Amino acid sequence: MTTNIVYDRKEQLQQIQSGLLPGEQVIAVYDAIGAGTGFIGLTDRRVIIQDKSFVGKKTAITSIPYTKITSVSVVSNKSWAGQFFSTGAIAINVGTHVYEMEFRGDEKSHHVHDLILHRITS
């Protein structure tokens, strides 16, 4: 079965693909914006977050199994006129830790949210 993988940058997709478990499939990889963020990858088994905010210019790749996610939120910026800005964010709660990712375009945050919500509620 071939699935269409949604992604922003080919090198990020390749980095996710290089660390897949046997039989694991990539669903989407989105470039994140803001301080210390890299990208978020979604597979059929887990969420993979690249975080560039570690001391000494180190980068962490964090894998979060869907079974460990307690909730996911869409965080949207609305102006006083009620119009959405050109960015959107999500917050992923894992125990007491919250992972926040901001994306270019509100549609990406909604897609990530919906994918994660589907996995944690099925």
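Residues numbered from 1 in each chain as written. Predicted model: local features only at pLDDT ≥ 70, side-chain atom pairs only at ≥ 80, totals over all residues. Heavy atoms only, no water.

Focus on the pattern of salt bridges
Here the idea is simple: oppositely charged side chains can pair when their charged atoms come close.
Here is step 1: For the structure on display, the rule yields five salt bridges.
Here is step 2: Measuring nitrogen to oxygen at the nearest pair gives 3.0 Å for the salt bridge that ties aspartate 8 to lysine 108. Here the residue aspartate 8 occupies a position in the loop between strand E1 (6-7) and helix H1 (10-18), and lysine 108 occupies one in helix H2 (residues 106-121), the gap between them amounting to 100 residues.
Here is step 3: Between arginine 46 and glutamate 24 there is a salt bridge, with its nearest N and O atoms 2.7 Å apart. (Salt bridge = Lys/Arg side-chain N within 4 Å of Asp/Glu carboxyl O. Helix = DSSP H or I, 4+ residues; strand = E, 2+ residues; numbered from the N terminus.)

Some words on the environment of alanine 89
Here is step 1: For alanine 89, the location among the structural elements is in strand E7 (residues 84-94).
Here is step 2: For alanine 89, a relative accessible area of 13% puts it in the buried group.
Here is step 3: With twelve residues separating them along the chain, alanine 89 and methionine 101 place their C-alpha atoms 5.5 Å apart. (Buried < 20%, exposed > 50% of the residue type's maximum accessible area, 1.4 Å probe, protein only.)

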